[in-house]
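Each chain, written out:
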Amino acid sequence: MDFVTISGVVLCHSCPVRYYLETRREFEQERIEYTIAKQISYHLGRDLCNDEIWDEIRLINPNISEEDYPLFENWLEKCRDCSWPVSIESDVEIRSNKLGVIGRIDNLFESEPNIGIIRAGCAPEKGIYKSDRIRCALVSICAAETLKIKGEEILLQYIPDGVTKVCKPSPADRRTAIRALSYAKKIDRGYIPEKKNTERCNTCYLKDYCLTKPKKISDLI
Ligand code: SF4
């Protein structure tokens, strides 16, 4: 069976054309914000030593320069103000053979909520982003199958503002996730989604590559 990644499903839900273009990208550099958030997350609940974490970040992503230090420092300071559970394991692979979806848990905790997912963006003021709810729905399904963890509640760890939120995916979130997954599989089988101009297109990072009929990004750059 061909598997779709959890991130791919979330992307397909936000815009099927984005999913189409991204899955055909040959090489993607890790986003600076992601590297910084990810590396901070390994230290949460422990001593947050600026120099130690910054050195690791520079080793992991050579595209990060001293210019990015203020961003890192700002996020780390915000994380100091929050109380974080200490993970017992990081980067745990999960999958659902039933659905054909694969992904990774950022943090595994001893007590509930047992699963932590880090986000490299700010938390919404109220509620939880739909995209995070879909991500959590799939994580919950995969964790139940792979780790035999119920995973009904998932801790979202928003590193840039040092905030956590607990997400309990609803049946509607699970339905939406499964629908987006089957659309992603259809695209993987060769279907080309049509571009629909929406407000989101104005700020989309792929707008320069997104034509009426999508082409491979590698053909365009
Ligand atoms: S420009 Fe619009 S249609 Fe194209 S990938 Fe971005 S959001 Fe999707």
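Residues numbered from 1 in each chain as written. Predicted model: local features only at pLDDT ≥ 70, side-chain atom pairs only at ≥ 80, totals over all residues. Heavy atoms only, no water.

Enquirer: Could you give an account of the overall build of the chain, naming the residues involved and the relevant values?
Expert: Along the backbone of the chain there are 9 helices and 6 strands. Radius of gyration (C-alpha) of the chain: 18 Å, near the 17 Å computed for a compact globule of 221 residues. Along the longest, intermediate and shortest principal axes, the C-alpha atoms of the chain span 50 × 40 × 30 Å. Among the 221 residues that make up the chain, the fraction classed as buried is 46%. As presented, the chain carries roughly 12,300 Å² of accessible surface, and 48% of it is formed by carbon and sulfur atoms. Within the chain, one finds 34 positive and 35 negative side-chain charges whose respective centroids are separated by 11 Å. (Helix = DSSP H or I, 4+ residues; strand = E, 2+ residues; numbered from the N terminus. Rg over C-alpha atoms; globule rule 2.2 N^0.38 Å. Buried < 20%, exposed > 50% of the residue type's maximum accessible area, 1.4 Å probe, protein only. Areas by Shrake-Rupley, 256 points an atom, 1.4 Å probe, with all protein chains shown as cover. Lys, Arg positive; Asp, Glu negative; His and termini not counted. Charge placed at Lys NZ, Arg CZ, Asp CG, Glu CD.)

Enquirer: I'd like a description of the packing of aromatic side chains, backed by residues and values.
Expert: Per the stated rule, a full pass over the model turns up 4 aromatic pairs. Taking 6.1 Å as the distance between ring centres and 50° as the angle between the ring planes, the aromatic pair formed by Tyr183 and Tyr191 counts as tilted. Among the residues examined, Tyr191 registers a relative accessible area of 34% and is labelled partly exposed. Through a chain of ring-to-ring contacts, the aromatic side chains of Trp54, Tyr69 and Phe72 assemble into a single cluster. Geometry around Tyr191 places Lys186 over its ring, the cationic atom sitting 4.3 Å from the centre. (Phe/Tyr/Trp six-rings, centres within 6.5 Å; stacked < 30°, edge-to-face > 60°. Lys NZ or Arg CZ within 6 Å of the ring centre and 35° of its normal.)

Enquirer: Account for helix α1 (residues 6–14), with residues named and values stated.
Expert: Every buried residue belonging to α1 is among Ile6, Gly8, Val9, Val10 and Cys12, and all of these are buried. Its buried side turned inward, α1 meets β1 (4–5), α2 (16–23), β2 (89–96), β3 (101–108), α6 (130–146) and α7 (171–188). (Contact = heavy atoms within 4.5 Å.)

Enquirer: Quick one: what's the story with the confidence of the model for the chain, residue by residue and with numbers?
Expert: Mean pLDDT over the chain stands at 91; residues scoring 70 or higher make up 94%. Predicted confidence in the chain is weakest over helix α9 (residues 217–220), with a mean pLDDT of 51, and strongest over α7, with 97. (pLDDT = per-residue confidence, 0-100.)

Enquirer: Run through the pattern of salt bridges, naming residues and quoting values.
Expert: Note on pairing: side chains with opposite charge can pair once their charged atoms come close. Under the criterion given, the structure shown has 9 salt bridges. Across the pair Arg31 and Glu33 runs a salt bridge, and its minimum N-O distance is 3.8 Å. A residue is classified by how much of its surface remains accessible, and Arg31, at 48% relative accessible area, is partly exposed. With a shortest N-O distance of 2.9 Å, Asp132 and Arg119 are connected by a salt bridge. In this pair, Asp132 sits in helix α6 while Arg119 sits in strand β4 (residues 115–119), placing the two residues 13 residues apart along the sequence. Here the two residues Asp132 and Arg119 agree in accessibility, since each one is buried. Via salt bridges that share partners, Lys38, Asp91 and Asp106 belong to a single interconnected network. (Salt bridge = Lys/Arg side-chain N within 4 Å of Asp/Glu carboxyl O.)

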